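# Report on the structure
Chain by chain, the residues run as shown.
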Amino acid sequence: MGRSIYHRLPPPLQWGVKRALALIPPAWRQRRLTRQVRTFLLASEFWPRETWRAYRDKKVRELVAYAYERVPYYREVWKAAGISPVDVDGVAALRRLPFIDNRILTAHALDLQARGVSPRHKIATQTGGTMGRPTRLLLHRRVSQDAELAFIQDLWRRVGYRAGARRIIIRVGGDPGTGTSKLYAFDPSNNTFFFRSYRLTDDKLALLIDLIRSFRPEYLHTYPSVATLLAQYVERHEPAGLPPLKAVLASSENSYPHQRELITRVLRTRFFTWYGHAEQAILAGECEHSSAYHIYPGYGVCELVDPAGRVVEQLGQPGELVGTGFYNPVMPIVRYRTGDFGTVTADECAACGRSYALLEHVVGHHTQELIVHREGHLSSVLGVLARGAYYHNVRQFQIHQKVPGELVFRIVKAERYGPEDEARFQVLIRERFGASMQLSFDYVNEIPPTAGGKWKYLIQEVDAGRTWAQPADQPAVRAEPEAGPLPAWPRQ
Ligand SMILES: [Zn+2]
């Protein structure tokens, strides 16, 4: 049935528009800022450390001056601490500024917005949040999104990616343009298939294999856990005629050495991962030769801090990742405690020659695991967590699973939490995991971190045997950035 599925696909509503767009070469369709940042990234890729230092110091000065001038929260807090923008003359002086975190983003959502930015430039996004508190934050429709695209494409270039390459995106939602009800949808303008990753039964994995055979993607873009499920399926069933892949692009959760080994061996391709987050303050990815995360120096500043909030200077010492982003003029992110932990192991990569710091052993709230259905198949927990709107009345949140097909939501209520919230969660679980998944609630006063000080969204106690990708003790990697002829931040 190989080729047939591809040709039987229902045309999405926007088919005509997307088809027309598809006639224009992808590079021409990119926005000006994306092209500018890409050009900058190419030019700066092998800058020596000194050049980066001067560049980053300048970016920090501009950012701090902008935040002080435009953002009431920063001005007030920094003034109270006796700090003026001239005190922060570069990256090293950032540590004089207080941290912000997920709680502050929520509590001061209005005062953290820069004054004078047109509402049409603001776009809301959702973070996974730290300590079980999802957060809404605002990005700049052009600056944040267009620059992000340039950075991600620059990152993927290390595994041969070019704009418009054939991709299958396997993720919790479907194609945003066509709704999320279909199992898969094609976007011809980006040469991309979207395939939903809910309830990945063997039947659905067989369909996915079929799609891979007929569409012949160069890249699969998904979560490490889903790529692992696919590789396990391929190992069990050994489907014939799988086309060669250039890479599996994987993010949004930790990856583990056993996953890398399995995916590389079974799918016979590069397993390429990176660390990033919705707050867009730190971005770091693998290179051509190494799986350590190269922190993009042009994207923002990545600091590591110890439990007392002191900056960790020594290579090889772990710390919490604190990010300062260069590309969000709507809600500037200055010294944001991510709730993720990692270790900077080197200040440059000997394998590729980039003078980007290397980040490894990242763990934290981006750790994402799998939920076990009664019948034994698995779903990504992201299916629940990606719906931040459900969590407005929740202070802290954690999922516990002891029995296949049964979930317990452990919740610290916020003031307005009521029966309707419980009902909403029931609907969400039914939608995401089907009627057979049972949900109960456990209301508590506090949800402490695990012994290592780490936060986990999912406490998984089910051993689902062969299909359950038991995480090894070794966590994955992630990294940081900076800029050149960057566009001026909007001053309207
Ligand atoms: Zn490298």
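Residues numbered from 1 in each chain as written. Predicted model: local features only at pLDDT ≥ 70, side-chain atom pairs only at ≥ 80, totals over all residues.

This paragraph deals with the overall build of the protein chain. Tallying secondary structure elements over the protein chain gives 13 helices and 20 strands in all. Looking at the protein chain as a whole, 44% of its 492 residues qualify as buried. (Helix = DSSP H or I, 4+ residues; strand = E, 2+ residues; numbered from the N terminus. Buried ≥ 20, exposed ≤ 12 C-beta atoms within 10 Å, placed from the backbone.)

Below, the discussion takes up the packing of helix α10 (residues 224-237) against helix α11 (residues 257-266). Here α10 crosses α11 at 50 degrees, and the two axes come no closer than 9 Å. With respect to each other, α10 and α11 are oriented oblique. Of the two possible hands of crossing, α10 and α11 adopt the one that is left-handed. Contact residues: α10 offers Pro-224, Ala-227, Thr-228, Ala-231, Val-234 and Glu-235, while α11 offers Gln-259, Leu-262, Ile-263 and Val-266. For the contact of α10 with α11, the class distribution of residues is 7 nonpolar, 2 polar and 1 charged. (Axes fitted to C-alpha atoms, helices over the stretch in contact; angles between N-to-C directions. Parallel < 35°, antiparallel > 145°, perpendicular 65-115°, else oblique. Left-handed = near helix turned anticlockwise from the far one by under 90°. Contact = placed C-beta atoms within 7 Å. Nonpolar A, V, L, I, M, F, W, Y, C, P; charged D, E, K, R; others polar.)

Regarding helix α6 (residues 72-80), the residues found buried are Tyr-73, Tyr-74 and Trp-78. In an axial view of α6, the angular spread of the buried residues amounts to 110 degrees, which keeps them on one side of the axis. Residues of α6 that are exposed and point more than 90 degrees away from the buried face comprise Glu-76, Lys-79 and Ala-80. Contacts made by the buried residues of α6 are with α5 (49-70). Phi for Gly-82, located one or two positions after α6, is positive at around 75 degrees. (Arc of directions from axis to C-beta.)

Take helix α13 (residues 419-433) next. Given a rise of 1.5 Å per residue, 15 residues ought to cover 21 Å, and the 21 Å separating the end C-alpha atoms of α13 matches this to within 8%. Three or more residues of α13 are buried, namely Phe-425, Arg-432 and Phe-433. Burial along α13 is one-sided: seen end-on, the buried residues are contained in an arc of 70 degrees. In α13, the exposed residues that point more than 90 degrees away from the buried face are Pro-419, Glu-420, Ala-423 and Val-427. (Expected span 1.5 Å × (residues − 1).)

Before going further, it helps to spend a moment on the pairing of strand β19 (residues 438-443). When you tally the buried positions in β19, you get 0 out of 6 residues, a small fraction of the element. Running through α13, the crossover from strand β18 (residues 406-413) to the neighbouring parallel element β19 is right-handed. (Right-handed = clockwise from strand over helix to strand, strands pointing away.)

Taken in spatial order, the 4 strands make up an open sheet running β19-β18-β17-β20, and their pairing is mixed. The open sheet has two edge strands with one neighbour each: β19 and β20 (458-460). Neighbour to neighbour, the strand axes of the sheet diverge by 20 degrees on average, direction disregarded. Where strand β17 (residues 394-403) and β18 come together, 7 bridges link them in antiparallel fashion. Note on β18: the bridge partner recorded for Val-403 is Glu-406. Sitting on the sheet, α13 is in contact with β18 and β19, with an inclination near 145 degrees to β19. (Pairing = 2+ DSSP bridges.)

Take Glu-288: it is sitting in the loop between β9 (284-285) and β10 (293-295). You can call Glu-288 partly exposed: it has 14 C-beta atoms within 10 Å. As a C-alpha pair, Glu-288 and Arg-158 span 130 residues in sequence and 5.3 Å in three-dimensional space. Every residue in contact with Glu-288, bar those within four places of it in the chain, is listed here: Arg-158 and Cys-352.

The phi dihedral of Asn-191 falls on the positive side, at around 55 degrees, and the residue is not glycine. For Asn-191, the position within the fold is in the loop between β4 (184-187) and β5 (192-196). Overall, the presence of 17 C-beta atoms within 10 Å leaves Asn-191 in the partly exposed class. Unlike most non-glycine residues, Arg-335 shows phi in positive territory, near 55 degrees. On the basis of neighbour counts, which here come to 21 C-beta atoms within 10 Å, the residue Arg-335 falls in the buried class.

Quick look at the pairing of β18 now. Across a regular strand the side chains alternate sides, sitting on one face of the sheet and then on the other. Where β17 hands over to β18, the hairpin turn is made up of 2 residues, of which Gly-405 adopts a positive phi near 85 degrees. Pairing of β18 with β19 involves 6 bridges; the strand directions are parallel. Note that in β19 the partner of Leu-407 across the bridge is Leu-439.

All right, on to the packing of helix α4 (residues 32-44) against helix α8 (residues 143-157) then. Interhelical geometry of α4 versus α8 gives an angle of 40 degrees and a closest axis separation of 8 Å. In this view, α4 runs oblique relative to α8, as classed from their interaxial angle. Seen from above, α4 lies across α8 with right-handed handedness. Contacts from Leu-33, Thr-34, Val-37, Arg-38 and Leu-41 in α4 reach Val-143, Asp-146, Ala-147, Leu-149, Ala-150, Phe-151, Gln-153 and Asp-154 in α8. Looking at side-chain class alone, the contact of α4 with α8 contains 8 nonpolar, 2 polar and 3 charged residues.

This paragraph deals with the confidence of the model for the protein chain. With 79% of its residues at a pLDDT of 70 or more, the protein chain has an overall mean of 81. When mean pLDDT is taken per element in the protein chain, α6 scores highest with 98 and helix α1 (residues 2-8) scores lowest with 45. Every residue in residues 464-492 scores below 50 in pLDDT, and together they form 103 contacts with partners more than four places removed in sequence or on other chains. (pLDDT = per-residue confidence, 0-100.)

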